[in-house]
Amino acid sequence: MQSLKPAFKRLSLASAMTIGLTAMPAMAEELVLSSWLPPQHPIVTGVIQPWAADVAEVTEGRVTVRVLPKPLGPPPAHFDLAADGDADIVYGLHSFTRDNRFQRSQIGQFSFLGDDAAATSKAYWNVYTNTLDATAEHEGTHLLSLWVHGPGMFHNNKRAIESPEDFAGLKIRVPGGYVSQMVEEIGSTTQFMGPGEVFERLSTGVIDGVTFPIEALKAFNLSDHVTHTMTVPGGMYNTSWFMVMNEDRWADLSAEDQAAISAISGEHLAEMAGNVWNAADKIGLAHARDAGVDIAPANDAVLAALTEFATAAETAWAAEISDDGFDGLAALQELRTQAAQ
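Quick notes on the rules
- All residue numbers refer to positions counted from 1 along the written sequence of the respective chain.
- Given that the model is predicted, a residue must reach a pLDDT of at least 70 before its local features are reported, and side-chain atom pairs must reach 80 or more before they are shown or counted; all residues, however, enter totals for whole chains, interfaces and linings.
- Only hydrogens and water are removed before side-chain values are computed, so all heavy atoms of the structure are retained for them.
- Helical segments are the DSSP runs of H or I of at least four residues, strand segments are the runs of E of at least two, and each set is numbered from the N terminus.
- A helix's residues, less one, multiplied by 1.5 Å, set its expected span.
- Three labels apply to residues, based on accessible area from a 1.4 Å probe with only protein chains included: buried if under 20% of the type maximum, exposed if over 50%, partly exposed otherwise in between.
- Residue contacts are defined here by distance: any two heavy atoms, one from each residue, within 4.5 Å place the two residues in contact.
- In protein, a polar contact means a hydrogen-donor-capable atom and an acceptor-capable atom, both N or O and within 3.5 Å, with residues adjacent in sequence counting only if both atoms are side-chain atoms; elsewhere, any N or O pair within 3.5 Å suffices.
- Two strands are counted as paired when DSSP detects at least two bridges linking them.
- For helices, the fitted axis covers only the stretch in contact; all axes are lines through C-alpha atoms, and the angles between them, taken along N-to-C directions, range from 0 to 180 degrees.
- Throughout, the term roughly parallel applies to angles under 35 degrees, roughly antiparallel to angles over 145, roughly perpendicular to angles from 65 to 115, and oblique to all others.
- By the definition used in this description, the sense in which the near helix is turned from the far one sets the handedness, with an anticlockwise turn below a right angle giving left-handed and a clockwise turn giving right-handed.
- Under this grouping Gly is polar, as are all residues other than the nonpolar Ala, Val, Leu, Ile, Met, Phe, Trp, Tyr, Cys and Pro and the charged Asp, Glu, Lys and Arg.
- Patches in this entry comprise residues that are over 30% relatively accessible and not in a salt bridge; like charges within 9 Å are linked, as are nonpolar side chains (Val, Leu, Ile, Met, Phe, Trp, Tyr) within 5 Å.
- Each accessible area value is a Shrake-Rupley result obtained with a 1.4 Å probe; residue values ignore everything except the protein chains displayed when judging cover.
- Take a side-chain nitrogen of Lys or Arg and a carboxyl oxygen of Asp or Glu: if they are within 4 Å of each other, that pair is a salt bridge.
- In this tally Asp and Glu are treated as negative and Lys and Arg as positive; neither His nor the chain ends contributes.
- Where a charge lies is defined by one atom per residue type: Lys uses NZ, Arg uses CZ, Asp uses CG and Glu uses CD.

Caption draft 1: Geometry of helix H11 (residues 300–322). Compared with an ideal rise of 1.5 Å per residue, which puts 23 residues at 33 Å, H11 spans 32 Å between its outermost C-alpha atoms and is within 8% of the ideal. When we look at burial in H11, the residues that qualify are Val302, Leu306, Phe309, Ala310, Ala313, Glu314, Trp317, Ala318 and Ile321. Taken together, the buried residues of H11 touch helix H5 (178–185), strand E9 (228–231) and helix H12 (328–339). Where H11 begins, the capping side chain belongs to asparagine 299, and its oxygen is found 3.2 Å from the backbone nitrogen of alanine 301.

Caption draft 2: Summary view of the sheet that holds strand E10 (residues 240–246). Pairing is mixed in the open sheet, where 5 strands are placed in the order E2-E1-E3-E10-E4. Of all the strands in the sheet, just strand E2 (63–67) and strand E4 (141–148) have a single pairing partner and so form its edges. On average, adjacent strands in this sheet sit at an angle of 25 degrees to one another, irrespective of strand direction. Where helix H4 (residues 117–130) meets the sheet, its contacts fall on E4 and E10, and the angle it forms with E4 comes to roughly 145 degrees.

Caption draft 3: Representation of the sheet that holds strand E11 (residues 294–297) in the model. With respect to topology, 6 strands assemble into an open sheet ordered E7-E6-E8-E5-E9-E11, the strand pairing being mixed. Here the strands that pair on one side only, and so sit at the sheet edges, are strand E7 (189–192) and E11. Across this sheet, the average inter-strand angle for adjacent strands is 25 degrees, counted without regard to direction. Summarising the sheet, strand E5 (residues 153–156) and strand E8 (residues 209–212) pair through 4 bridges and their orientation is antiparallel. Along E8, the bridge assignment pairs histidine 155 with valine 210.

Caption draft 4: Focus on the packing of H4 against helix H10 (residues 266–290). Between H4 and H10, the least distance of the axes is 7 Å, while the angle of their chain directions is 150 degrees. With respect to H10, the axis of H4 lies roughly antiparallel. Seen along the crossing, H4 lies across H10 with a hand that is right-handed. Contacts from Ala117, Ala118, Ser121, Lys122, Trp125 and Asn126 in H4 reach Gly266, Glu267, Ala270, Glu271, Gly274, Asn275, Trp277 and Asn278 in H10. Considering only residue class, the contact of H4 with H10 consists of 5 nonpolar, 6 polar and 3 charged.

Caption draft 5: Just a negative patch on the surface, in detail. On the surface, Glu139, Glu247, Asp248 and Asp252 cluster together into a negatively charged patch. Mapped onto the secondary structure, glutamate 247 falls in helix H8 (residues 247–252). The class of glutamate 247 is partly exposed, set by a relative accessible area of 41%.

Caption draft 6: Representation of the pattern of salt bridges in the model. Taken as a whole and assessed by the stated rule, the structure comprises 12 salt bridges. Here glutamate 256 ties to arginine 62 by a salt bridge, and the two come within 3.4 Å at their closest N and O atoms. With glutamate 256 in helix H9 (residues 255–263) and arginine 62 in the loop between helix H2 (42–58) and E2, this residue pair connects regions lying 194 residues apart in the sequence. The class of glutamate 256 is exposed, set by a relative accessible area of 54%. Here aspartate 80 and arginine 101 are joined by a salt bridge, their closest N and O atoms 2.8 Å apart. Linking aspartate 80 in helix H3 (residues 78–83) with arginine 101 in the loop between strand E3 (89–93) and H4, this pair joins segments that are 21 residues apart in sequence. Residues joined in a network through salt bridges with shared partners are Glu60, Arg62, Glu256 and Asp257.

Caption draft 7: Representation of the pairing of E8 within the structure. The alternating pattern of E8 places Gly209 and Thr211 and Val210 and Phe212 on opposite faces, both of which are buried. Bridge count for strand E6 (residues 171–174) against E8 is 2 bridges, and the pairing is parallel. In the sheet register, isoleucine 172 faces E8, and the bridge partner there is glycine 209.

Caption draft 8: Here's a closer look at the environment of proline 38. Here proline 38 shows up in the loop between strand E1 (29–34) and H2. Sequence spacing of proline 38 and glycine 92 is 54 residues, and the spatial spacing of their C-alpha atoms is 13 Å. Apart from residues lying up to four places away in sequence, proline 38 is in contact with Val44 and Phe220.

The following block contains the structure:
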């Protein structure tokens, strides 16, 4: 019987190890999110980081998101970083991608969309995904959410815009897309650049102004270098944002975790982002006023010039996407209707 003791001990040890391994939780699936906005930007602190924390919570720790302190590439490269698998999750502006792959996303960039970023973001998500097949335009990725910022404004340090002619000759930073065409059409010279470059170029006189929502004057320390801000009901323009995940990494997740993540993304995340923009715009407005920026609404003559351009641009866009069977003007009317509710 003594000869059986070592074998019995080994068996007991192996059984204990098996039980211990079974009781241990599976290692979490870590997803890497490349973030290019400044770490203190409201979208990072109020949207990206809370969403990452929510992912861990709703998946009960099976999936975690690590937000990188520095981006894996420049802002315009971010969609392709996810599509190519260099990053698991990214966010960005459709207008930063200079080709025409996001043609239907332009519905979220037009003028006069709405004054409430949360309502407009929800409307954008609903209309672009349900009516204009947003998924097809984000090939190589899984579309997590879409949103827009608050009403886009025209800021400069040269003069008040009191007539359409006052735009002439101004050098203005633009984020690409629809507003770039608008600013060129009304007579200014445009310069495309990411937001991180704006402070240096504005403070050194390389550019005379910027197109941004009002929150950016505080977020990017621009108030001391802007003297005039022109507002437009519903926004002079807007920017359309995406958040996507590499499609293979998404497919690797369990159906349970996919459902859990989807529940805190989509329209839910669009509204969350919009509310963060709304709050940031209020802070930015107060900051700009304290800095002495003259903030005034566009007058009738200026509004007429902007409306003329907007109407022509919307009509041309709708004609382009009609070739693929989409009714752009009806979709745009629906977006504005939902945004006003």
